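Given next are the chains, with one letter for each unit.
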Amino acid sequence: MSPLIGFGLVAGFLLASAVMVVRSDNLVHSVLWLSVVLVLTAVVFILLGATFLGGIQIILYTGGVITLMLFGIMLTGKQDTVEIPNPSEGHLAGAGAALAFLVPTLSAIWATDFGPDKGLPPVTAKHIGTAVLGPHLVAFEALSVLLLAAMIGAIVLARRSDPGEGR
Amino acid sequence: MIHWVLTVAAVLFALGIYGVSTRKNAVGILLSVELMANAVNLNLVGFGMRAGDSAHVFVLFAIALTVAEVVVGLALVVLLYRTRKNVLIDLASELRG
């Protein structure tokens, strides 16, 4: 029973931080709350036996993505302050859309019998490394090409100094 | 246990939907998309408790794809800022007929 209590505690903070991400009035605060969400997700990964993915999550997301997001905010807002407004509107329609997804999904989840927990051993870096460079090698190589394409695409998009003149 | 993991992931995804449909700042929308991608990863790790290695490799690839998506998304936001001098998406309506 105790793993469920630990999971519940982390999940409670996780969902509260996620609410702050979508409700905060300051964009910088939203990003910082998102970093809390990502770290707590890594904790949940580790609780579920995915220790390697928990590490990857912290390094890639909270190390890389959050920094990138803060760069994006500072490049597209006023540079003299960290008070960047993050307005939102249509709360009723947004909540309706979210509920229209949530209600059927939750009822489907709780109506399904997934069988008893098998309690698989934790998946370590060794398992993942063997799987990536073995049966999933083609997907791995395709992913490296995709990352290169994304990098070149981002440079091409962001370098254009005046897109109106088609330089 | 897996029911609770899936429930938390579904609530996270719903919060992402709420954020995408209410935010006006393009970076704010990108943050909500991140929230949704995170919920999907959580879902996959939850099923990985049963499926084993394959689910974890899938999550690894999904994380890398999300990072690529953020890079291109932020490049688009910077481009939008250069063209319009703001990133509020309801003001960028030039394609409206």
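Residues numbered from 1 in each chain as written. Chains lettered and ligands numbered in written order. Predicted model: local features only at pLDDT ≥ 70, side-chain atom pairs only at ≥ 80, totals over all residues. Heavy atoms only, no water.

Undergrad: Honestly, the overall build of chain A in this entry has me stumped. Any pointers?
TA: When you go through chain A residue by residue, the secondary structure sums to six helices and zero strands. The helix and strand sequence of chain A, counted from the amino end, reads α-α-α-α-α-α. Counting only residues that meet the buried cut, chain A has 32% of its 167 residues in that class. Sequence-distant contacts, at least 24 apart, represent 59% of the contacts inside chain A between residues at least 6 apart. Of the roughly 9,600 Å² of accessible surface on chain A, 73% is carried by carbon and sulfur atoms. (Helix = DSSP H or I, 4+ residues; strand = E, 2+ residues; numbered from the N terminus. Buried < 20%, exposed > 50% of the residue type's maximum accessible area, 1.4 Å probe, protein only. Contact = heavy atoms within 4.5 Å. Areas by Shrake-Rupley, 256 points an atom, 1.4 Å probe, with all protein chains shown as cover.)

Undergrad: Whenever I open this one, the overall build of chain B confuses me. Can you help?
TA: Helix and strand content of chain B: three helices and zero strands. In chain B, the succession of helices and strands from N to C terminus is α-α-α. A globule of 97 residues ought to have a C-alpha radius of gyration of about 13 Å, yet chain B, at 16 Å, is considerably larger. C-alpha atoms of chain B, sized along the principal axes, occupy 50 × 25 × 20 Å. (Rg over C-alpha atoms; globule rule 2.2 N^0.38 Å.)

Undergrad: Hey, could you run me through a nonpolar patch on the surface in this one?
TA: Residue and element names in this part refer to chain A. A grouping of Leu148, Met151, Ile152, Ile155 and Val156 is seen on the molecular surface, where their side chains present a nonpolar patch of about 460 Å² in accessible area. Inspection of the secondary structure assignment puts Met151 in helix α6 (residues 137-159). Under the relative-accessibility criterion, Met151 is labelled partly exposed at 47%. (Patch = residues over 30% accessible without salt bridge, like charges linked within 9 Å, V, L, I, M, F, W, Y side chains within 5 Å. Salt bridge = Lys/Arg side-chain N within 4 Å of Asp/Glu carboxyl O.)

Undergrad: What is the right way to look at the nonpolar core in this model?
TA: Note on soluble globular proteins: their nonpolar side chains tend to be buried together. Core analysis: the largest hydrophobic core is formed by 63 residues, its most contacted members being Leu14(A), Leu53(A), Met69(A), Leu35(B) and Leu42(B). Contributing elements (two or more residues each) for this core: α1 (2-23), α2 (27-47), α3 (51-76), α4 (91-111) and α5 (125-132) of chain A together with α1 (2-22), α2 (26-51) and α3 (53-84) of chain B. When residues of this core are assigned to domains, at least three map to each of domain 1 (1-88) and domain 2 (122-167) of chain A. Apart from residues lying up to four places away in sequence, Leu42(B) is in contact with Leu14(A), Thr41(A), Val44(A), Phe45(A), Val5(B), Val8(B), Ala9(B) and Leu12(B). (Core = buried A, V, L, I, M, F, W, Y, C linked by side-chain atoms within 4.5 Å. Domains from an automatic or database assignment.)

Undergrad: Please explain the domain arrangement of chain A as it appears in this structure.
TA: For an interface, size is often stated in terms of accessible area lost upon the parts coming together. Residues and elements named next belong to chain A. Parsing chain A into structural domains produces domain 1 (1-88) and domain 2 (122-167). Contacts between domain 1 and domain 2 engage four residues on the former and five residues on the latter. When the two sides are added together, the surface that domain 1 and domain 2 hide from each other amounts to roughly 320 Å², 72% of it contributed by carbon and sulfur. Three residues stand out in domain 1 for area buried against domain 2, namely Gly49, Thr51 and Phe52, and they jointly supply 89% of the buried area on that side. The interface formed by domain 1 and domain 2 includes zero salt bridges. Joining domain 1 to domain 2, the criterion identifies zero residue pairs in polar contact (both at pLDDT 80 or more). Among the residues making up the side of domain 1 that touches domain 2, the classes are represented as two nonpolar, two polar and no charged. (Buried area = accessible area lost by both parts, 1.4 Å probe. Polar contact = N/O pair within 3.5 Å; in protein donor to acceptor, adjacent residues only side chain to side chain. Nonpolar A, V, L, I, M, F, W, Y, C, P; charged D, E, K, R; others polar.)

Undergrad: Could you clarify how one ought to interpret the interface of chain B and chain A in this entry?
TA: Facing the 68 residues of chain B at the interface are 80 residues of chain A. If you look at where chain B meets chain A, you find zero salt bridges. On the surface where chain B and chain A come into contact, there are 11 residue pairs in polar contact (both at pLDDT 80 or more). Residue assignment for the side of chain B that touches chain A shows that the elements contributing at least two residues are α1, α2 and α3 of chain B. Residue contributions to the side of chain B that touches chain A peak at 25 residues, all from α3(B). When the residues that make up the side of chain B that touches chain A are grouped by side-chain class, the tally is 44 nonpolar, 17 polar and seven charged.

Undergrad: Sorry, what's going on with the environment of Ile58(A) here?
TA: Residues and elements named next belong to chain A. By the secondary structure assignment, Ile58 is in helix α3. Judged by relative accessible area, Ile58 falls into the partly exposed class, the value being 38%. Sequence separation between Ile58 and Ala108 is 50 residues, and the spatial gap between their C-alpha atoms is 31 Å. Apart from residues lying up to four places away in sequence, Ile58 is in contact with Ala42 and Gly63.

Undergrad: How do you make sense of the environment of Ala68(B) when you look at a structure like this?
TA: Secondary-structure assignment places Ala68(B) in helix α3. Residue class for Ala68(B) comes out buried when judged on its relative accessible area of 7%. Look past the residues within four positions of Ala68(B) in its chain and what remains in contact with it is Leu146(A), Leu147(A) and Ala150(A).

Undergrad: What should I look at first to understand the confidence of the model for chain B in this one?
TA: All names here are of chain B. On average, chain B scores 85 in pLDDT, and the residues at 70 or more come to 92%. Across chain B, α1 holds the top mean pLDDT of 91, while α3 sits lowest at 86. Scoring of the predicted complex yields 0.86 for pTM and 0.88 for ipTM. (pLDDT = per-residue confidence, 0-100.)

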